[in-house]
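Per-entry structural report
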Amino acid sequence: MSISPWPALLSEALSLNTDHRDRYVQLASLSDSGEATCRTLVMRRWLPDETMLVATTDLRSHKVRGLRHHPQGEICWWLPTRNEQFRFRGTVILQGAEPGSSLREEIWDDLAPAGKLNFTGPAPGTALTTAPVPRLATPPATPPDNFVLLMMQPLRVDYLRLDNMPHQRWLYEYHRGDGSHRSWHARAIAP
Ligand SMILES: Cc1cc2nc3c(=O)[nH]c(=O)nc-3n(C[C@H](O)[C@H](O)[C@H](O)COP(=O)(O)O)c2cc1C
């Protein structure tokens, strides 16, 4: 991919916003029946060299069912220090255990025990009975099969910045073209 300024903008914004709440994003996608649906996720990694956003989720969740039918999504990320909003659009990739990839294990190791235990309970969205749900006391040492990476390499980034007047908005779009003609196009647009 040819160079575009948005990865540097995001890296800079993250260096200026370091509270754990600054890693909460919203992911919009479609349900398996085509309805709009949105939820909060923790953005666990930003890999600037690969322009890849990496979150985690439960393979058994409704969002995964929807993403299997409609893999497109939009991630909205507000970062308060400079009042910036990034809207990332692209294909959502789900990645479970894969030979040669250590990122999933690395992110699992970083999770707090309570976060790990979330993956050992009943499937998200299933009805709870009155009987107490048995839970493991200690989390598994290695990621269970339902722990998956939810990743996006954006092909369109809508960037809005409201910390000074006039407000600024830029649209970055990746044009596939053929062969060597792939490139990012940037244009300023009205906020
Ligand atoms: C602050 C916060 C952080 C969350 N982080 C995650 C997360 O990283 N991954 C995840 O799958 N769900 C996370 N959730 C729960 C989701 O918002 C959502 O309720 C859950 O994933 C079920 O969504 P679904 O029915 O669309 O699959 C978080 C919720 C909140 C409020």
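Residues numbered from 1 in each chain as written. Predicted model: local features only at pLDDT ≥ 70, side-chain atom pairs only at ≥ 80, totals over all residues.

1. Here we look at the overall build of the chain
Formally: A run of DSSP states H or I qualifies as a helix once it reaches four residues; a run of E qualifies as a strand once it reaches two. Both are numbered from the N-terminal end. Around each residue's C-beta, the other C-beta atoms within 10 Å are counted; 20 or more make the residue buried, 12 or fewer make it exposed, and counts in between make it partly exposed. All C-beta atoms are placed from the backbone.
Assigned secondary structure in the chain consists of four helices and nine strands. When its helices and strands are written in sequence order, the chain yields α-β-β-β-α-β-β-α-α-β-β-β-β. Considered along the principal axes of its C-alpha atoms, the chain spans approximately 55 × 40 × 35 Å. Across the 191 residues in the chain, those meeting the buried criterion constitute 19%.

2. So, the pairing of strand 3 (residues 52-58)
Selection rule: One bridge is not enough; two strands pair if DSSP finds at least two bridges between them.
Taken together, the four bridges between strand 2 (residues 36-47) and strand 3 define a ladder with antiparallel strand orientation. Its bridge partner being in strand 3, Arg45 is matched across the sheet by Val54. In this antiparallel pair of consecutive strands, strand 2 and strand 3, the connection spans four residues, and Thr51 shows a positive phi of 45°. Looking at chain direction, strand 3 and strand 6 (residues 147-152) are connected through six bridges and run antiparallel. Paired with Asp58 across the two strands is Phe147, which belongs to strand 6.

3. Focus: the nonpolar core
Condition: By definition, a nonpolar core groups buried Ala, Val, Leu, Ile, Met, Phe, Trp, Tyr and Cys residues that are joined through C-beta atoms within 7 Å. Residues are defined as contacting one another if the C-beta atoms placed from their backbone atoms lie within 7 Å.
If you look at the biggest cluster of nonpolar residues, it comprises 23 residues, and the most contacted ones within it are Leu53, Ile75, Phe86, Phe88, Leu150, Met152 and Val157. Sorting the residues of this core by element identifies helix 1 (6-16), strand 3, strand 4 (72-79), strand 5 (84-95), strand 6 and strand 7 (156-161) as the ones contributing at least two each. In contact with Ile75, not counting residues within four places along its chain, are Val25, Leu27, Leu53, Phe88 and Met152.

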